[in-house]
Amino acid sequence: MLLPARPTPADVFGVLKTFRPTIFYGVPTLYAALLADGTRPKKNELNLRVCTSAGEALPADIGNRWTAEYGTEILDGIGSTEMLHIFLSNRPGKVRYGTTGQPVPGYDLRIVGDDGRECGDGEIGELQISGPSAAIMYWNNRTKTKNTFAGEWTRSGDKYTRDADGYYTYGGRSDDMLKVGGIYVSPFEVEACLMTHPSIPEAAVIGVADSDGLVKPKAYVVLKTGQQASAGDLQAHVKTKLAPYKYPRWIEFLPELPKTATGKIQRFRLRAIASS
């Protein structure tokens, strides 16, 4: 069933308890909100068999906590309007949280660097997809068509890496990626790290120029109700888990992050706040 109202934790859990569906579809911000709800039901009050996530990459910490709490895996995957279908996904029994999984049968994937060369394992580049469901063009938009469709390959606009086992890890939208000291920094990686702090259910990272005009990460975070944390606490937390150059130089606390109706964080609105 579809929930017509805004998906608050109370309403979502009410549906899950009343109608006891076995499959649940959500977005990462919703899973985070459900886990943060102090009145959330116990595992035996629900009847979940499998859960899925899409819209944005699922942080590993949220996936691990959900499975520990409710005993079900969250299958994180990605598709696009241009491909009409999910082309990369985790699958039951083979979930690796922190990754978007492996290619869906019938689709070929490659990662291409800024120099146009196909990347090897561990190298970051743009994810491109080839498959039978691909669109052929954008209606009345030749420029966008030329920039997106390259022969049999469709450019996703997402940065990814691939490991030796064929699992793909999201880095961020190509236009959201940061270069700090000439090295790519994934805003998603920093966000996921911040959300492993017990006081932070949501975080968003953008690039902001410092006094020398050099781009550095800035984080916007939401605190759990009744929790406290300082910017220094959070910066130190990130430094213990990631390379030092990746830590956010500035941290701003917000009551909530700007989102679309489907739960995607609107980073362009955060960039507008930072530049005002």
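Computed from a prediction, not measured in an experiment: that's the story for all the values here. (Residues numbered from 1 in each chain as written. Predicted model: local features only at pLDDT ≥ 70, side-chain atom pairs only at ≥ 80, totals over all residues. Heavy atoms only, no water.)

With that settled, consider the overall build of the protein. When you go through the protein residue by residue, the secondary structure sums to 7 helices and 15 strands. Taking 276 residues into account, the globule formula puts the C-alpha radius of gyration at 19 Å, and the protein, at 19 Å, falls close to it. The buried share among the 276 residues of the protein stands at 45%. Long-range pairs, those at least 24 residues apart, make up 54% of the contacts in the protein between residues at least 6 apart in sequence. Counting every atom, the protein has about 14300 Å² of accessible surface; 52% of that belongs to carbon and sulfur. For the protein, the distance from the average site of its 33 positive side-chain charges to the average site of its 30 negative ones is 2 Å. (Helix = DSSP H or I, 4+ residues; strand = E, 2+ residues; numbered from the N terminus. Rg over C-alpha atoms; globule rule 2.2 N^0.38 Å. Buried < 20%, exposed > 50% of the residue type's maximum accessible area, 1.4 Å probe, protein only. Contact = heavy atoms within 4.5 Å. Areas by Shrake-Rupley, 256 points an atom, 1.4 Å probe, with all protein chains shown as cover. Lys, Arg positive; Asp, Glu negative; His and termini not counted. Charge placed at Lys NZ, Arg CZ, Asp CG, Glu CD.)

Sheet architecture is open: 3 strands sit in the order S13-S14-S15, paired in mixed fashion. What marks the edges here is a single partner per strand, and that holds for strand S13 (202-209) and strand S15 (250-253). Direction aside, the axes of adjacent strands within the sheet are offset by 25 degrees on average. In terms of strand pairing, strand S14 (residues 215-222) meets S15 through 4 bridges, oriented parallel. From the neighbouring strand, Lys218 faces S15, where its bridge partner is Trp250. Contacting S14 and S15, helix H6 (residues 231-241) runs over the sheet at an angle of about 125 degrees to S15. Together, S13, S14 and S15 form the strand contacts of helix H7 (residues 267-275), whose direction differs from that of S13 by roughly 50 degrees. (Pairing = 2+ DSSP bridges. Axes fitted to C-alpha atoms, helices over the stretch in contact; angles between N-to-C directions.)

Within the largest apolar cluster, 38 residues are counted, with the highest numbers of intra-cluster contacts made by Phe24, Trp66, Leu194 and Val221. Among the elements that take part in this core, helix H2 (residues 28-36) stands out by supplying 5 residues, more than any other. Once you skip the residues sitting within four places of it in the chain, Trp66 turns out to touch Tyr31, Leu34, Leu35, Leu48, Cys51, Gly71, Thr72 and Ile74. Counting 16 residues, the second-largest nonpolar core is a separate cluster that includes Ile78, Tyr107, Leu109 and Tyr170. (Core = buried A, V, L, I, M, F, W, Y, C linked by side-chain atoms within 4.5 Å.)

In this section: the pairing of S13. In terms of burial, S13 is largely enclosed, as 6 of its 8 residues are buried. Taking the residues that link successive antiparallel strands as the turn, the S13-S14 hairpin has 5 residues, and the phi of Gly213 there is positive, at about 80 degrees.

Further remarks concern the sheet that holds strand S5 (residues 102-103). Overall, mixed pairing links the 5 strands, which are arranged S1-S2-S3-S4-S5 in an open sheet. Edge positions in the sheet fall to strand S1 (23-26) and S5, since each has one partner strand and no second. When strand S3 (residues 74-79) meets strand S4 (residues 86-89), the two strands line up antiparallel, connected through 3 bridges. Note that in S4 the partner of Ile78 across the bridge is Leu88.

Turning next to the environment of Val238. Take Val238: it is sitting in helix H6. According to the relative accessible area criterion, Val238 is buried, its value standing at 0%. Sequence separation of Val238 and Val190 is 48 residues, and the distance between their C-alpha atoms is 7.4 Å. Those residues in contact with Val238 that lie beyond four places of it in its chain are Cys193, Leu194, Tyr247 and Pro248.

Following the sequence through the fold, Thr154 ends up in strand S9 (residues 153-162). When its relative accessible area of 3% is taken as the criterion, Thr154 is described as buried. Those residues in contact with Thr154, other than ones at most four positions away along the chain, are Glu82, Met83, Leu127, Gln128, Ile129, Ala134, Thr148 and Phe149.

Below, the discussion takes up a nonpolar patch on the surface. Judged by side-chain polarity, Ile136, Met137 and Trp139 come together as a nonpolar surface patch covering roughly 450 Å² of accessible area. Tracing the backbone shows Ile136 in the loop between strand S7 (125-130) and helix H4 (142-148). (Patch = residues over 30% accessible without salt bridge, like charges linked within 9 Å, V, L, I, M, F, W, Y side chains within 5 Å. Salt bridge = Lys/Arg side-chain N within 4 Å of Asp/Glu carboxyl O.)

On to helix H1 (residues 9-19). Among the residues of H1, Val12, Phe13, Val15 and Leu16 are the ones counted as buried. In a view along the axis of H1, the buried residues occupy a sector of 155 degrees, so they form one face of it. In H1, the exposed residues that point more than 90 degrees away from the buried face are Ala10 and Thr18. Those residues of H1 that are buried lie in contact with S1, H2 and helix H3 (60-70). Just past H1, the residue Arg20 takes up positive phi, approximately 50 degrees. (Arc of directions from axis to C-beta.)

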